[in-house]
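Summary of structural features
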Amino acid sequence: MRCGTLCHLLWLWHSLSYIQAVPIQKVQDDTKTLIKIIVTRISDISHMQSVSPRQRVTGLDFIPGLQPVWTFSKMDQTLAIYQQILIRLPSRNLIQITNDLENLRDLLRMLAASKCCLYPKASGLKSLESLGSVLEGSLHSMEVVALSRLRGFLQDMLQQLDLSLRC
């Protein structure tokens with residue numbers, strides 16, 4: 001009985017010894033590529049061609065804008081908020097962008113872990129539960145502002161990835 005367990009553990013150890021870690025540069029390159037893809041998807045949405053990310057719309061102040069402090073946890077939290085907003089919008093164009101944001105958050109966690117930065121996965125804002133009333137009155141405005149600010153945030157994030165980010 002013990003020999004069988006020991007043999008199984010030795011076989012497992014032997015198999016795991018051949019697994020190689022993904023180089024962190026590859027993860028960073030994949031992160032940058034995914035950011036560019038998301039920005040392109042946002043730009044390809046027809047009504048997003050001429051919108052400024054700094055546009056102010058009353059009642060939509062909860063949508064994050066550009067960030068003064070760049071940390072892995074802050075980026076994850078901001079992306080979680082955008083995910084919550086986009087999931088609640090009815091546009092079919094946003095499904096892939098929402099999925100891409102989840103993948104981007106996973107890549108960020110891998111980058112953070114490579115720098116020994118561990119943080120709990122952000123869940124977004126609790127205040128977004130009352131989003132329904134805002135959505136009813138301004139679906140189009142909310143989509144335009146959210147996507148515009150997300151695009152600006154991602155473009156800044158792309159530049160920040162080349163710098164040394166803090167936990």
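Presented here is a report on the structure given in the accompanying data block. As the structure is a computational prediction, the values presented were derived from the model and not from experiment. Every chain is numbered on its own, with residues counted from 1 as its sequence reads. Given that this is a predicted model, residues contribute local features only at a pLDDT of at least 70 and side-chain atom pairs are listed and counted only at 80 or more, while totals for whole chains, interfaces and linings are drawn from all residues. The side-chain numbers reported here are obtained from all heavy atoms of the structure, hydrogens and water having been left aside.

Considerations on unusual backbone geometry
- Phi at cysteine 116 is positive, roughly 60 degrees, even though this residue is not glycine.
- Among the structural elements, cysteine 116 can be located in the loop between helix 4 (94-114) and helix 5 (131-137).
- The classification of residues rests on relative accessible area computed with a 1.4 Å probe and restricted to protein chains. Under 20% of the type maximum is buried, over 50% is exposed, and intermediate values are partly exposed. Its relative accessible area of 67% is what places cysteine 116 among the exposed residues. Segments assigned H or I by DSSP are reported as helices when at least four residues long, segments assigned E as strands when at least two residues long, and all are numbered from the N terminus.

A closer look at the packing of aromatic side chains
- Aromatic pairs are defined between Phe, Tyr and Trp rings, using the six-membered ring for Trp, whenever the two ring centres lie within 6.5 Å; interplanar angles under 30 degrees are classed as stacked, those over 60 as edge-to-face, and all others as tilted. Counted by the stated rule, this structure contains two aromatic pairs.
- An angle of 20 degrees between the planes, with centres 5.3 Å apart, marks the rings of tryptophan 70 and phenylalanine 153 as stacked. Placement of tryptophan 70 in the loop between helix 2 (24-44) and helix 3 (72-88) and of phenylalanine 153 in helix 6 (residues 139-160) is noted, with a sequence separation of 83 residues between them.
- Geometrically, the ring pair formed by tyrosine 82 and phenylalanine 153 is tilted, given 6.1 Å between the ring centres and 40 degrees between the ring planes. Residue tyrosine 82 is located in helix 3, and its partner phenylalanine 153 is located in helix 6; the two are separated by 71 residues in the primary sequence. Residues tyrosine 82 and phenylalanine 153 agree in their burial class; the two are buried.

A closer look at the nonpolar core
- By nonpolar core is meant a set of buried Ala, Val, Leu, Ile, Met, Phe, Trp, Tyr and Cys residues that side-chain atoms within 4.5 Å join together. Core analysis: the biggest nonpolar cluster contains 35 residues, and Leu154 and Met157 have the highest contact counts within it.
- When contributions to this core are tallied by element, the ones reaching two or more residues are helix 2, helix 3, helix 4 and helix 6.
- The contact definition used throughout considers only heavy atoms, calling two residues in contact when any of these lie within 4.5 Å. Ignoring any residue separated from it by four or fewer positions in sequence, one finds leucine 154 in contact with Ile35, Ile38, Val39, Ile42, Leu79 and Leu104.

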